[in-house]
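Listed below are the residues making up each chain.
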Amino acid sequence: MRRRPNYLAGAGSLVWLFVVGLPLYVMLAATLRTRQDYAENGPVSIPDSFTLDNYTGAFDSGFGQYFFNTLVVTACVIGIVLLLVPPLAYAIVRSRGRTTSAIFRLFLLGLAIPAQAVIVPMFYLISEAGLYDNLLGVILPTAAFCLPMSALILSGAMRDISPELYEAMAMDGASPTRMFFQLVMPLSRGGLSTIVVFSALQAWNGFLFPLVLTQSDSTKVVTLGLYNFQTEHGIDIPGLLGAVVLSMVPILLVYLFARRALVRGLMGVGGK
Amino acid sequence: MTTQITSARPAAGPRKGARRRPPASNATKVGRPSFAWALPAAVFFALFAIAPLVMVAVLSFMTWDGISSPEFVGMDNWSRLMDDPVMLDSIWLTLLLTVLGVVIQTPLSVVLGVWAAGNQRNRAVLSVIYFIPLLLSATAVSVLWRALLDPNFGIPAEATWLFGDGNLFGKQATAIGVLAFVATWQFTPFHTLIYQGAARAVPEVLYQAAEIDGAGRYRQFFHITLPQLRNSMITSMILMVVGGLTTFETVLILTQGGPGTDTTISAYYMYDKAFQSFDFGIGAAIALALVVAATIISLIVVRVSGYDKMRSTMEGVS
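### Here's the deal with the overall build of chain B
Counting secondary structure elements, chain B contains 17 helices and two strands. Taking the contacts inside chain B whose residues are at least 6 apart along the sequence as the reference set, 68% of them involve residues at least 24 apart. As presented, chain B carries roughly 14,400 Å² of accessible surface, and 66% of it is formed by carbon and sulfur atoms.

Structure, rendered in structure tokens:
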């Protein structure tokens, strides 16, 4: 019974498509052109050359190492999140204790803490712990800042498990631990994949912690590599954009495979 | 921030309402996990987020160069900040950029979100493309736009009729314009997604009733859709404000706070003071001011909007 098409909004969305799509097209096209072609014909012209040098060039300037580092950081952050958040969310949803609700409030408060707010003491803490310029020094705070949102997402998912199932298991004399492994974990697979994607995105795109907590090439992550590439070879725009495209390939792959989980997680932020 | 998330789950249907106040019998306690399950995460979080937050307050009363040990100096950092014209300017700039962000992105993402919640044929494809900026890191987005807007090799050099001399980063007004534009480009898709989710949840009966009363599309939008999006709008705005106050990479990469200090927003000034001038005490003071500002603004938005009273958008539906 739905109404006529909304032409005005449709036109508006096409304009927006142009605003979003054109820069992405220019970026992609530029990375396949030679530097000379780009400089002579400008960014929005039709390419008259084809090359993959911009991609190989990025690897020559160290991006292989940066990718590896980012991968290590991302994997470890996901590991920590998966280790800590499911029990936390389980307690938030099922425990009746006052301590648990205090802990939950602590995490809600944590949602509002931006990384910039703690970066100075973080630098102090990490240096004192001897983790400066060490990937572990990036992993720990990055994981910590993934916790509040992950806890919120996962406890939301766990709330959907029907109480009757718990009651049935309790009737059979199951312990909380058994319920956790045999009921809660299998039934929150959707929520778990959402928090994995969410933390992966955070870790992969993280910038401030690596910027402040590392310095040498061997601990540099992709985002820092981009930033450095820009300050050092700012005029080699096709090369720079090649590095940008490379930096987003893994995330786009994850997106293709986990689109639903990601969108669900992000929409959940709106709360409704 | 806190209130809105807790109240963001009023999804308590009759089922959940029924088990809200359980009798304190043994039956309800059986098989419930103790708080110990939450402890590892809580300790980890306290160590790496809460403790630094406390330390930033302490450090703001100290002077520290990053090498020798910190020394207590009382209100010194704070009084220096009060007299620092760059700091005052940075606060105005931060507020300006935040307000610009809310004013530009809110109408845009409401309209796009409501549109995307509809059932157009090509909506799915378009949504995928809209979504891409959301996946890019702020770093990648900033590097991309820095390249596209390069005065010599970028788009402005080609379209001088539109951009004048093409050096958008050379003047304060255009540099701020670029920062606002890039933020819009990057974050509008996210807020669109929030509104899309919310618009889908608007009960269809409301539109059916309006249709019967002969209300046109635009009346339906202003009298049904918009009021129903109220809660999401507040959530989205709070996120915009907190995001705006803490913008950092964009400024670092696009303008380096320049020309001069014309785009030195507070978060960038904090980084500059702490990690480039090695004046960590001042940096901590700026950081603390940022947290306090973000918290106060969130609380005000929640209070003014009456969101804390949890007025339901479902009013008049059932």
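### Brief notes about the overall build of chain A
Counting its secondary structure elements, chain A contains twelve helices and zero strands. Starting at the N terminus and walking to the C terminus, you meet the elements of chain A as α-α-α-α-α-α-α-α-α-α-α-α. Principal axes of the C-alpha set define a box for chain A whose edges measure 75 × 65 × 30 Å. Across the 272 residues of chain A, 57% fall into the buried class. A fraction of 72% describes how many contacts in chain A between residues 6 or more apart in sequence connect residues 24 or more apart. Total accessible area on chain A stands at roughly 11,500 Å², and carbon and sulfur atoms take up 64% of it. Within chain A, one finds 17 positive and 14 negative side-chain charges whose respective centroids are separated by 21 Å.

### Digging into the interface of chain A and chain B
Across the boundary between the two partners, chain A contributes 106 residues, which contact 104 residues of chain B. Taken together, both faces of the contact between chain A and chain B bury some 9,600 Å²; the carbon and sulfur share is 75%. Run the count over chain A and chain B and you get zero salt bridges. For the pair chain A and chain B, the number of links is five residue pairs in polar contact (both at pLDDT 80 or more). Broken down by element, the residue count for the side of chain A that touches chain B peaks at 16 residues, all from helix 12 (residues 237-270) of chain A. Tallied by class, the residues present in the side of chain A that touches chain B amount to 77 nonpolar, 19 polar and ten charged.

### Brief notes about the pattern of salt bridges
Residue and element names in this part refer to chain A. Applying the stated criterion across every chain, the model contains four salt bridges over all chains. Arg33 serves as the salt-bridge partner of Asp37, at 3.2 Å between the closest nitrogen and oxygen. The class for Asp37 is buried, based on a relative accessible area of 4%.

### A look at the state of the cysteines
Covalently bonding the sulfur atom of one cysteine to the sulfur atom of another cysteine gives a disulfide. Residue and element names in this part refer to chain A. Throughout the structure, instances matching the rule amount to zero disulfides over all chains. The cysteine Cys76 is free of any disulfide, with Cys146 supplying the nearest cysteine sulfur at 13 Å. By relative accessible area, Cys76 is classed as partly exposed at 32%. We classify Cys146 as buried; its relative accessible area is 0%.

### Quick word on the packing of aromatic side chains
Counting across every chain of the model gives 27 aromatic pairs over all chains. With centroids separated by 5.5 Å and ring planes inclined at 80°, the aromatic side chains of Trp145 of chain B and Trp185 of chain B adopt a geometry described as edge-to-face. In this pair, Trp145 of chain B is assigned in helix 8 (residues 138-148) and Trp185 of chain B in helix 11 (residues 172-200), connecting sequence segments 40 residues apart. Per residue, the accessibility class of Trp145 of chain B equals that of Trp185 of chain B, and both read buried. Ring centres of Phe221 of chain B and Phe222 of chain B lie 5.1 Å apart, and the angle between their planes is 80°; on these two criteria the pair is classed as edge-to-face. The class of Phe221 of chain B is buried, set by a relative accessible area of 19%. An aromatic cluster of at least three residues, connected via ring pairs, comprises Phe123, Tyr124 and Tyr132 of chain A together with Trp64, Phe248, Tyr268, Tyr271, Phe275, Phe278 and Phe280 of chain B. The residue whose ring lies beneath Arg94 of chain A is Tyr166 of chain A, and the NZ or CZ to ring-centre distance is 3.6 Å. Between the NZ or CZ atom of Arg146 of chain B and the centre of the ring of Phe169 of chain B, over which it lies, the distance is 4.2 Å.

### As for helix 9 (residues 189-205) of chain A
Side chains of residues three or four places apart in an α-helix project in the same direction, reflecting 3.6 residues per turn. All names here are of chain A. Helix length check: helix 9, at 17 residues, gives a terminal C-alpha distance of 24 Å against a target of 24 Å (1.5 Å per residue), a fit within 8%. With twelve of 17 residues buried, helix 9 lies mostly within the body of the structure. Within helix 9 the residues assigned to the buried category are Gly191, Leu192, Thr194, Ile195, Val197, Phe198, Ser199, Ala200, Leu201, Ala203, Trp204 and Asn205.

### Observations concerning the environment of Leu53 of chain B
Counting through the fold element by element, Leu53 of chain B comes out in helix 4 (residues 39-59). Here the alpha-carbon distance between Leu53 of chain B and Ala284 of chain B, two residues 231 residues apart in the chain, equals 9.8 Å. When near neighbours in sequence (up to four residues on either side) are disregarded, Leu53 of chain B contacts Ile113, Ala117 and Val118 of chain A together with Val291 of chain B.

### Comments concerning a nonpolar patch on the surface
All names here are of chain A. Together, Val249, Leu253, Leu256 and Phe257 make up an exposed nonpolar region whose accessible area comes to about 460 Å². Take Leu253: it is sitting in helix 12. Accessibility expressed as a relative area gives 44% for Leu253, which makes it partly exposed.

### A look at the environment of Pro148 of chain A
With respect to the helices, strands and loops of the structure, Pro148 of chain A is situated in helix 6 (residues 135-159). Spatially, the C-alpha atom of Pro148 of chain A lies 8.9 Å from that of Phe104 of chain A, the residues being 44 residues apart in sequence.

What counts and what doesn't
- Residues numbered from 1 in each chain as written.
- Chains lettered and ligands numbered in written order.
- Predicted model: local features only at pLDDT ≥ 70, side-chain atom pairs only at ≥ 80, totals over all residues.
- Heavy atoms only, no water.
- Helix = DSSP H or I, 4+ residues; strand = E, 2+ residues; numbered from the N terminus.
- Contact = heavy atoms within 4.5 Å.
- Areas by Shrake-Rupley, 256 points an atom, 1.4 Å probe, with all protein chains shown as cover.
- Buried < 20%, exposed > 50% of the residue type's maximum accessible area, 1.4 Å probe, protein only.
- Lys, Arg positive; Asp, Glu negative; His and termini not counted.
- Charge placed at Lys NZ, Arg CZ, Asp CG, Glu CD.
- Buried area = accessible area lost by both parts, 1.4 Å probe.
- Salt bridge = Lys/Arg side-chain N within 4 Å of Asp/Glu carboxyl O.
- Polar contact = N/O pair within 3.5 Å; in protein donor to acceptor, adjacent residues only side chain to side chain.
- Nonpolar A, V, L, I, M, F, W, Y, C, P; charged D, E, K, R; others polar.
- Disulfide = S-S within 2.5 Å.
- Phe/Tyr/Trp six-rings, centres within 6.5 Å; stacked < 30°, edge-to-face > 60°.
- Lys NZ or Arg CZ within 6 Å of the ring centre and 35° of its normal.
- Expected span 1.5 Å × (residues − 1).
- Patch = residues over 30% accessible without salt bridge, like charges linked within 9 Å, V, L, I, M, F, W, Y side chains within 5 Å.

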